[in-house]
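Each chain, written out:
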Amino acid sequence: MTQFDALCANDPELSELRTAIREFLAADRDQHGWEPAVDSWLATWDADFSARLAEAGFVGLTIPTEYGGHGLGHLHRYVVTEELLAHGAPVAAHWFSDRQFAPSLLSYGSDEQRREFLPVIAAGKLHAAIGMSEHDAGSDLAAVKTRASQVDGGWSLSGTKVWTSGAHLAHRIVVLARTSPLDPEHRHAGFSQFFVKLDSPGITIDPIVQMGGEHHFNEVTFDDVFVPDADVLGSIGDGWRQVTSELGFERSGPERILSTVTLIVAAIKALPDDADDGTAAAVGELVARMISLRQLSISVARTLASGEDAATRAALVKDLGTRFEQDSVELAADLLDRLDASAPEARRLAELLATARLHSPLFTLRGGTNEVLRGVVARGMGVR
Amino acid sequence: MNELEQLVADIGARSLEARQGRPAYPDAFDEQLWKNLEETGLSRLTSSEDAGPEEAAVVLTGLAKHAAAVPIVETDLLAVWLAAKAGLDVPETGPLTVAAADAELRDGSLVGTAYDVPWPHSVAVVLAARTPEALHVGLLSDAPTAESVNLAGEPRATFAFEVEASTTQTLDVEVADELTRRGAWARCVQIIGALDAARDLTVAHTSERVQFGRPLAKFQAVQHSLAEMAGEIERARAATELAIVAATDFGFNSAATDYAVTVAKVATGRAVGSVTTIAHQLHGAIGATVEHRLWLFTMRARGWIDDFGTTGHYARRLGRIALTADDPWQVVVSCPEPR
């Protein structure tokens, strides 16, 4: 194996996996007819696809085999994830359970919880939502007011979560709540995590409709919802550390670079091979940004996979990657402008572009705003 | 820091300290530094020691962090290598350089002009004259026809030449491509060092400089600019690291290195603009004077990035690769086959 291939996440084993997922996606698309989407990890929910993907062995890659997973490494998951995004596959249904809930269970879950949930996640059949933000707790997550108070056999949960992707379709929601009153001296203390059934009595789910009419986000209200002790995730009082300690993979992953990749690749494909120099330069600038960001993202993934700290560089990837995603929309629009408007693919590309424009404001907001991330980077540079 | 990194850092730091006793502009060859590099074997590390691109990159980055005024790239990676390819004898010590140019063959003579030849007063100038059919390699003995400096004040010169083709060695044109690729690779590696130094100076300055009663670095707007600067550098570094391992794994004469250098040249080129702009903005006007060190790094980076092909040139090349690929995504994921 060459170091070059390792740095591109293409060493023989990963390369084989890459070929396998591409073959699966081509065959699945042929048979089931889904169209590659922009921002598919938020936008396209398809429970049947998630089950088929899992059946073929591409979900729960990092979950140990004893819990029904594949016992593979983070770079295996990286390769599969980037290929899913590059092909615009409808991955939203299993996305959060595979990406966030499974790692949380592996780090903090009880053995009973792992046995109960991990095999279902690996089967692509557990759809989870993440309940973090609230009306008054956006970038300032420690301002969360949702409370859980101890009752007989469990906890009673009250409060309201917002921007909860897929809550109207998911089975469960991971809720960050206060289990002790706010101590202004220690704002991060007293939080806990709960894994709540979304059909529990006392839960109301209201859509938050996006500009353009799409419905992905929800407002989820908990009114004295009973959560059994068995559904406490990790330790009571340790919630803040649990939600913040493993942000590296999430911040530096391929989804922070590739939300618009289907649009970019389709635009380049639609252009003639012998396009003029100006077009070639525009394509080259776009591709160079993608490649260099991907190399940085893989370099962070390799550091994290070896158990080392890369918090600052992970925050850098998210800041740079999501700004690239945003810039890429108008750069792709400029490429499409060079196309013959009557070309057969022009209509479909115009649709992808429209979706990208509607989604692009979210790229630099979700999972922590870029302003907050730059603060993290500045702290890493020793000036904050 | 490994042993080599430490050695380079020590030698570089001494050179940077000694700069204070020299005129600031234009820059001049640093004889003491060169002597130190020769004594430690670093001046011809890849051409005479058992070292490859990875070690060369350590030396180039480390020296660029200290604004070393010596033709280390030109000597070790270009002139000695090219002379060996052509079977030409060049002096075993002393700095060397290469004059690369397109040339015409007229009545048995190679005629052309080499512009922006770096460090023209080196002990030997190896001519790399490219015609559509071949690369002609020989030694130039005439004095430069014109002298100039690059943005950082490093010496450059023009050589208008007319030499008997029979006095040169004829090589495949692919060697000319490799020469350019080696040069472009080396400039990316050097620029990373220069940008690192510019960032360190900027962090230090904004941490010390007090305005409105607090250090500049305590202002959020300044912190965000610093973060942006760090991001651009890390992105360029990631691309350059791929170019370094490509050259280590496959050599400079390979499709993989060509691919990685093309990407690195564009990524680094774009980082240079943004990083130097932020570094100067955060330093205020003092940063744009000869009495401050910042320009030693920012203007080297800005000058170097145009060597061996501009950012736009490499962007067009990469664009063509993507436009003609069956699947542009595969161009993102790795160097397209065949390598």
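Model, not experiment: these values are computed from the prediction. (Residues numbered from 1 in each chain as written. Chains lettered and ligands numbered in written order. Predicted model: local features only at pLDDT ≥ 70, side-chain atom pairs only at ≥ 80, totals over all residues. Heavy atoms only, no water.)

Draft legend 1. Local environment of a negative patch on the surface. On the surface, B:E49, B:D50, B:E54 and B:E55 cluster together into a negatively charged patch. Take B:E54: it is sitting in helix 4 (residues 53-64). (Patch = residues over 30% accessible without salt bridge, like charges linked within 9 Å, V, L, I, M, F, W, Y side chains within 5 Å. Areas by Shrake-Rupley, 256 points an atom, 1.4 Å probe, with all protein chains shown as cover. Salt bridge = Lys/Arg side-chain N within 4 Å of Asp/Glu carboxyl O. Lys, Arg positive; Asp, Glu negative; His and termini not counted. Charge placed at Lys NZ, Arg CZ, Asp CG, Glu CD. Helix = DSSP H or I, 4+ residues; strand = E, 2+ residues; numbered from the N terminus.)

Draft legend 2. Representation of the domain arrangement of chain A in the model. Residue and element names in this part refer to chain A. Domains assigned within chain A are domain 1 (3-126), domain 2 (130-242) and domain 3 (246-380). Between domain 1 and domain 2, the contact holds 15 residues from the first and 19 residues from the second. Summing both partners gives a buried area of about 1400 Å² for domain 1 against domain 2, and 71% of it is carried by carbon and sulfur. Per-residue buried area on domain 1 facing domain 2 is highest for L42, W45 and Y108; these three make up 41% of the total on that side. In this structure, the connection of domain 1 to domain 2 is made through two residue pairs in polar contact (both at pLDDT 80 or more). Taken together, the elements giving at least two residues each to the side of domain 1 that touches domain 2 come down to helix 3 (40-43), helix 6 (92-108) and helix 7 (111-122). If one sorts the elements of the side of domain 1 that touches domain 2 by residue count, helix 6 sits on top with six residues. (Domains from an automatic or database assignment. Contact = heavy atoms within 4.5 Å. Buried area = accessible area lost by both parts, 1.4 Å probe. Polar contact = N/O pair within 3.5 Å; in protein donor to acceptor, adjacent residues only side chain to side chain.)

Draft legend 3. Looking closely at the interface of chain A and chain B. On the chain B side, the residues contacting the 52 residues of chain A number 49 residues. Put simply, chain A and chain B have three salt bridges between them. Among the ionic pairs, A:R374 bridges to B:E228, the shortest N-O distance being 3.7 Å. At the junction of chain A with chain B, the criterion picks out twelve residue pairs in polar contact (both at pLDDT 80 or more). Contributions of two or more residues to the side of chain A that touches chain B are made by helix 1 (3-7), helix 2 (12-32), helix 5 (74-86), helix 10 (261-270), helix 11 (277-305), helix 12 (311-337) and helix 14 (370-380) of chain A.

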